[in-house]
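The primary structure of each chain is shown beneath.
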Amino acid sequence: MSTIQSKSRETDKKTVSELRKNGWIPSVVYGYKTESTPIAVKERDLLDTLRETGRNGVIKLTVEDKDVNVVLNDYQSDVLTGFLTHADFLAINMTEELEVDVAINLVGTAPGEKEGGTVQQPVWEVTIRVKPSEIPDHIDVDVSELQIGETILVGDIRDKVKFEILTEDEVGLVTISAPRTEAELEALDEATESTEAEPEVIGEDKEEK
């Protein structure tokens, strides 16, 4: 289990801005036997840890000389730079199950795709209930037998994993849609041309017939 050192911080805007300039991420830790506490962690430390443990990995966070088992519950990043701007750490009880969102990873090549179909993935994550030490980084879904028009639902993979999936059975994970016909492609082109057509300027004088 990776360890990240944290330091206490003030919550005023000036302090938060200074922390970010110096490579720290303003954060908060809360949860199991832990009062909500404003802290800061080194961005480099957190990124290195996430690469090692994955998005849902358990982290040992040192808070005021005390080690706390946490998961990264949420984070915010700058839209333009991609740099992390805030992180929420959830303190957990290692013996109790918790609910987490886990990514769906498609494995294999669908026969339907080779025949011209399009792979569509309606959802990218499902919610599961699992002990912290058993949280997977992702769930593999095999599409190597999926034909055009077929779909894999949550219910189809429920018995293939060792934990409880809370997402409903009817939710589609992946489907292979049929290739578009020439008529559909022509209709799409016409719709695109209509959308891109220059709009009439309101109030502009028209030529007299």
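Only a predicted model underlies this, so the values are computations on that prediction, with no experimental measurement involved. Numbers given for residues are sequential positions, taken from 1 along each chain in its written order. Given that the model is predicted, a residue must reach a pLDDT of at least 70 before its local features are reported, and side-chain atom pairs must reach 80 or more before they are shown or counted; all residues, however, enter totals for whole chains, interfaces and linings. Note: side-chain values were computed over all heavy atoms of the structure, leaving out hydrogens and water.

Student: Tell me about the overall build of the protein chain, residues and numbers included.
Tutor: Each helix is a run of H or I in the DSSP string that is no shorter than four residues. Each strand is a run of E no shorter than two, and both are numbered from the N terminus. Broken down by element type, the protein chain carries five helices and 13 strands. Exposure is judged per residue with a 1.4 Å probe applied to protein chains only, and the accessible area is read against the type maximum: over 50% gives exposed, under 20% gives buried, and values in between give partly exposed. Counting only residues that meet the buried cut, the protein chain has 35% of its 209 residues in that class. Pairs at least 24 residues apart make up 61% of the contacts formed inside the protein chain by residues separated by at least 6 positions. Summed over its atoms, the accessible surface of the protein chain is roughly 13,900 Å², and 46% of this surface lies on carbon and sulfur atoms. We call two residues in contact whenever any of their non-hydrogen atoms come within 4.5 Å of each other. The accessible surface values rely on the Shrake-Rupley method and a 1.4 Å probe; as for residues, cover is taken only from the protein chains in view.

Student: Please provide a residue-by-residue account of the pairing of strand β6 (residues 84–91), values included.
Tutor: With seven of its eight residues buried, β6 lies for the most part within the structure. As paired elements, strand β2 (residues 24–31) and β6 share five bridges and run parallel to each other. Within β6, the position partnered with serine 27 by the bridge is alanine 87. Bridging between strand β5 (residues 66–77) and β6 involves seven bridges; their strand directions are antiparallel. Counted as the bridge partner of tyrosine 75 is alanine 87 from β6. Connecting the antiparallel pair β5 and β6 is a turn made up of six residues, with glycine 82 showing a positive phi of about 85°. The pairing criterion for strands is at least two bridges between them, as found by DSSP.

Student: Residue-level account of the sheet that holds strand β12 (residues 164–165), with values.
Tutor: Across a sheet, paired strands are connected by hydrogen bonds in the backbone, their directions being either parallel or antiparallel. Taken in spatial order, the four strands make up an open sheet running β10-β7-β9-β12, and their pairing is mixed. Strands at the two margins of the open sheet, each flanked by one partner only, are β10 (138–142) and β12. Direction of pairing for strand β7 (residues 98–107) relative to β10: parallel, over a ladder of five bridges. Across the sheet, asparagine 105 pairs through a bridge with aspartate 140, a residue of β10.

Student: Lay out the pattern of salt bridges in plain terms, naming residues and giving numbers.
Tutor: The rule for a salt bridge is simple: a side-chain nitrogen of Lys or Arg has to be within 4 Å of a carboxyl oxygen of Asp or Glu. Counted under the stated rule, the structure contains five salt bridges. Close ionic contact of aspartate 48 with arginine 44 constitutes a salt bridge, the shortest N to O distance being 3.7 Å. Of this pair, aspartate 48 and arginine 44 both sit in helix α2 (residues 43–53), four residues apart, which is roughly one turn of the helix. With a relative accessible area of 49%, arginine 44 lands in the partly exposed category. Here arginine 51 makes a salt bridge to aspartate 48, at a shortest N to O gap of 3.1 Å. In this pair, arginine 51 and aspartate 48 both sit in helix α2, three residues apart, roughly one turn of the helix. Linked through salt bridges whose partners overlap, the residues forming this network are Arg44, Asp48 and Arg51.

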